[in-house]
Each structure stands twice: as C-alpha cells, then as structure tokens.
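A closer look at the structure
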Amino acid sequence: MRNVEVAWVFQELADLLELKGEEFFKIRAYKNASRILAGLEEPLEDIWKSGRLEKIPGIGRNIAAKVAEILSTGRLKKHEELLKEVPLGLLDIMSLPGIGPKKAGMIYERLGVFSLDGLARAAKEGRVRDLPGMSGKSEKEIIRYIELKKDRGGRVLLAMARDLFMELSDYIKMLPGVVRVEVGGSVRRWQETVGDIDLVAAASDPQSVFDAVATHPRVREVVEKDQSRARFQTYWGITVDLEVVPEEAFVPALFFCTGSHAHLRRLQSFLAGKGANLDPASIANVCREPLGDEREVYASIGLPYIPPELREDRGEVEAASEHRLPDLLELGDIKGDLHIHTSWSDGLCTIEQVVARARQKGYEYIAVTDHSQSLKIAKGLSLNRLKEQHHEVMSLNKKLDNFRVFTGIEVDILPKGGLDCPDNILKEVDLVVASVHSAFRQDSETMTARIISAVENKNVDIIGHLTGRLITRREGYALDLERVLEAAASCDTILEINSSPARLDLNDVNARMAKEKGLKVAINTDAHDLKRMDEMVYGVAVARRAWLETEDVVNTLSAGALVKYLKDK
DNA sequence: GCCGTTTTCGGCCCGACTGTTTTCAGTCG
C-alpha cells in the first residue's frame, strides 16, 4: 500500500468523526496524521517493519497501531464501522462551500438526504430553506455548487494522475516484450486536471501486457479490452486507457494520443491549406524508424517540433510555421524557491532541513516565508518571533558557502487592504510575499482594491496565489484580474505561479496574460514539507503552458542578480 | 488523538466572516 493511500484512510476517518461530532482534538490528530503520512518519503511499510512508526512526530501509539493494521490487513476496522454508521455521501455534501459537519448532519437527520443528487432535488423542491440557518438563497447556492461539481465530472488533480501513471508505466516497462511506454493525453500536456490516463506502449503481444496490468495492485478491474486497447478502472478512481502497438507504430500513436483534439484539428487545417492530410497512414509513413520521436512527425508536416504543453490551439501552429515558438523555460533553469514554510509556522521541517534539500536540488537560494501574525491557526509569527527567525537565518547564512537564505515573510493582505506587518519591518525583510488568506467572499470591487493596495506597497515583492482558487474545491475570489495585472505592471510587482497542484495560481492563461503585460513571475512551491518542494515541476509546467521563457521568471536569476533585481525594481 | 512531562493527566483552540437573525452558531483558513 502506498503512503498516500494510508493517509487517505485517516483523512476520511477524520471527516467521518467530524460528522459524528467527535471531539475536536481527536479529529485534528487524525487530520494531522494524514498530512504527515502523505508527506513521508520513506515507504510506511519499511518504517513499520523496523518499528519506527511511533518515532514520527504526530504519530502516537494509537495511530501507529492503526497504520500497522492498515498495512497488514489492507483495511481499518474503526473506519469500516464508521462507514456503516455514517453514509459516505454526507462527505460530498460536507465538501460544498458553507456546509460543514453540523449542517450536513442536520440535512441527513431532518431530510433523510445523504447524497449530492438527493440534496439538489431537495433544494429544487424548496425543502432546504425551512431548516434552521438556511434560506432560499442557500438553496440557490447549493444547487449552483452541485451543478459546478457535476460539470467537472470526476476529473482529478494532475499530480495524482502523474503519481499513478509513473507507477504503472514503471511496472509496464519491466514486462517482457515491452520496448517503450509513454503517457499521452492531458497528462502529457500537463493540464491541471485529468479525466483519464492515456498510456501508449510498444510491445509485440498486447494481450500479455493487458493480463499483467490487470493484476497490478492499483487496478480494480478491466472495463473493456480488444486487440490493441484496454481500459482499466483503478482503486484511485482514475480510468487508465492503454494502447499497445508494434514498435514502428509507437511514435504516431503517441502523437495522436497526446492531442489535444483542437491542436490536431488546427494541424489538419494547416495541412489542408497545402493540399495534404493529417491521417495516421501518412504520419506512419514518415516514422519508419522505430525509436524515432515526434520531431519527425512535425517535420513531415513542415513544422518545427511543438512541445506537448503548447498543443492547445492557442496560436502554437501559426507561431511554429512562422518560427517564433517560445524558447520554453525548463525545470533546470530554476535557481531557487521563494515561498517556503518551516516549522516556525505551519510547515513540518526546520530551516536547515529545507536548505539541505534545496542544495540537493541544485538551487542557489531559498526564501523562508512563514505566515504573519494574524494567521493564528497556522501559527503565524509575532513580530518578535519573526525577528528571532531572521536572526537564525542570518547566522545560518554565515555558515553556508555558495548558498543564500533570504529572510522573508508571507504577509497577509488584510480584509481592509493593509498588510499584517508594519512597513518599517517589511522594509528590513529580504523578500516579501503578500497573500490573501481571509474574507474570501468580498465583492470584486473590494477585493480588487484590497489586492492592488498590496501591489502598490513598495515593500511587497511578490503577490502569492493571486486568485485564491483551489482546483476542484473552491473557485477563486471575485476579482478584476485585468486591473490587478495593470497595477502590478506599473509597480513592477512580481506575480507568483504557485506550484501546489491544487492551486496552480496563476494558471496558464493568466500567466500568459501577465507576460503579455510585461510582468515578471516567480515560480514557487509554497511547500510545507520537504516532499512538496518537489512540486516545482508543476509550476514550471504552468509557465510552459503560458509560453514563458527564462527571462520572464525571476527565480531563474542567480542570487546576486535577483538581489539586484529586487533592489532596482 | 498526541505530547510532555510536574509519570498520568491537562493542554492543545483562534478570530473573522456569513447568513440568518436580532444575538449567534456554523464555517473557514
């Protein structure tokens, strides 16, 4: 069992207990454990077998025993008992904005409703408004959010899909007769959410590959299967489509499978203009070399290679034909991470641990940006603690060769527009990230003015996760993005591409708009543990999808150049 | 639930906002 799967059990356990009205601290302990387990890099199986579970901070005797139970039996008795008591659908209801455990419980008790469909029906029939604390307005909101959720229809975060695809493709690569495996579709194009995973493999005997995949521990069942394709349902709720082709057909298959449909249509009409066709047979003809790559496909169309991230029909075909495709940023261009949390606030690791990991990654610098004083729940730093932390950073810097830790802060942009830290202190901080963490439901005018006031503050270097969205969970706040971008452009304020897979904020479209307005971005992880420092790759993918080049991204600068840039801007 | 001891139980948890009320419970980060 994977660590993350064990973590899911504890998250669900916590949610179920919340519905039951269990004690706050117990629930928090389970939620904490879930987060800690998901962030562990060493397989839990190894930790368990060597008797070190209880040595993990936050994992005590009880939770360690439960982890052991899950690892040895594949299930947890307490979890299964709760599932018999509390309908699982109530967790979906609880995931709607404005509905927590109390309201979900009341909906179940008073209306007998325990699914989103049932709740939507009840809301439409006007049966929700009579409940305490509810009104016609709440009914409308409920209906709206449920429809929104339906539109998203089972899509999952890219990071989860990538995790699964990598495990499966590593497995398939090892199978006898398999020459090559790649992922196509939206995963290869690094779209922020994924409907299903499309894999292409080159092998001589498709059926034996399908049979082997069917026995993989993540695979629940074979949904359908023919000569060269099979569809699998996984325990993670993601469907996997696997196409197995002969070696010589691999590259064309990957090309068509990668899409997008819109990109392929655009290529088709480009070719039609030249009296040619984009059909698989003619593409196959140009790819005789079995281990060739897609460059040959594009060359045969008369175009330079177009990276998968650009294949969205956003002008890439025209740009390619005019030889003005961007020289896309790459992960290796990133020289540091400018938004990281440590155990000083709500992160899990010390500054030293973060620095060690950053150095392993080949970074030249990081900024330690813990939360500011108002964000109590995240242990936001009082002004004194902030000062203490900055002393620690400065003395650490004296010991470090060829690496720089910037003092920093992620300062809250307060509801009325001020910052949660006095200017005279911000002025002394190397790097200031300003972000919104409260009062999300302000109207667009208020929120826009609020953020612009931070943009205009001379001490603010970067605006963190500008729109505040949480993919598949929460829409961004009401905001006049155009105005914010213009204000940022005139103040030289940097905008963040937050790499956290649930944020990706700015997104590709907004980041491209920022570039067009002459803005610089910083690609940061906002990591709260070492593992999440690896998420930089997702931010870089957003930047690539936004056509960004190294010069657009400030954390591609060397430490010295970055300091100069921040000073001069 | 975990933690840290003063080793056997008390502390951990916070404030703003929202919507529906009219004084506050529930939600959220």
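All values derive from a computational prediction rather than experimental measurement.

1. Thoughts on the overall build of chain A
Counting secondary structure elements, chain A contains 25 helices and 14 strands. Relative to its length of 569 residues, chain A is compact, with a C-alpha radius of gyration of 25 Å against a globular reference of 25 Å. Relative to its full complement of 569 residues, chain A shows a buried share of 52%. Considering only contacts in chain A between residues 6 or more positions apart, those separated by 24 or more positions represent 68%. Carbon together with sulfur atoms contributes 50% to the accessible area of chain A, which is approximately 25800 Å² in total. Distance from the positive charge centre (79 side chains) to the negative charge centre (89 side chains) of chain A: 4 Å.

2. Thoughts on the pairing of strand β5 (residues 219–225)
With five bridges connecting them, β5 and strand β6 (residues 229–234) associate as antiparallel partners. Each residue of the ladder has a partner; that of Lys225, found in β6, is Ala230. The hairpin formed by β5 and β6 contains three residues between the paired strands.

3. Here's the deal with the packing of helix α1 (residues 3–20) against helix α2 (residues 24–39)
A packed helix pair is summarised by two numbers, namely the angle formed by the two axes and the spacing between the axes. One can describe the packing of α1 onto α2 by two numbers: an axis separation of 8 Å at closest approach and a directional angle of 165°. Our classification of the angle between α1 and α2 gives roughly antiparallel. At the point where α1 passes α2, the crossing takes the left-handed sense. Seen from α1, the contacting residues are Asn3, Val6, Ala7, Phe10, Gln11, Leu13, Ala14, Asp15, Leu17 and Glu18; seen from α2, they are Ile27, Tyr30, Lys31, Ser34, Leu37 and Ala38.

4. A word on the packing of aromatic side chains
What the rule picks out here adds up to 10 aromatic pairs. Look at Phe255 and Phe256: their rings are 5.0 Å apart centre to centre, the planes differ by 70°, and that puts the pair in the edge-to-face class. Here the aromatic residues Phe255, Phe256, Tyr298 and Tyr305 are joined through ring pairs into a cluster of three or more. The ring of Tyr305 carries the charged tip of Arg295 above its face, separated from the ring centre by 4.3 Å. Of note, Arg512 hangs over the ring of Trp547, and the distance from its end group to the ring centre comes to 4.0 Å.

So, how was this worked out
Residues numbered from 1 in each chain as written. Chains lettered and ligands numbered in written order. Predicted model: local features only at pLDDT ≥ 70, side-chain atom pairs only at ≥ 80, totals over all residues. Heavy atoms only, no water. Helix = DSSP H or I, 4+ residues; strand = E, 2+ residues; numbered from the N terminus. Rg over C-alpha atoms; globule rule 2.2 N^0.38 Å. Buried < 20%, exposed > 50% of the residue type's maximum accessible area, 1.4 Å probe, protein only. Contact = heavy atoms within 4.5 Å. Areas by Shrake-Rupley, 256 points an atom, 1.4 Å probe, with all protein chains shown as cover. Lys, Arg positive; Asp, Glu negative; His and termini not counted. Charge placed at Lys NZ, Arg CZ, Asp CG, Glu CD. Pairing = 2+ DSSP bridges. Axes fitted to C-alpha atoms, helices over the stretch in contact; angles between N-to-C directions. Parallel < 35°, antiparallel > 145°, perpendicular 65-115°, else oblique. Left-handed = near helix turned anticlockwise from the far one by under 90°. Phe/Tyr/Trp six-rings, centres within 6.5 Å; stacked < 30°, edge-to-face > 60°. Lys NZ or Arg CZ within 6 Å of the ring centre and 35° of its normal.

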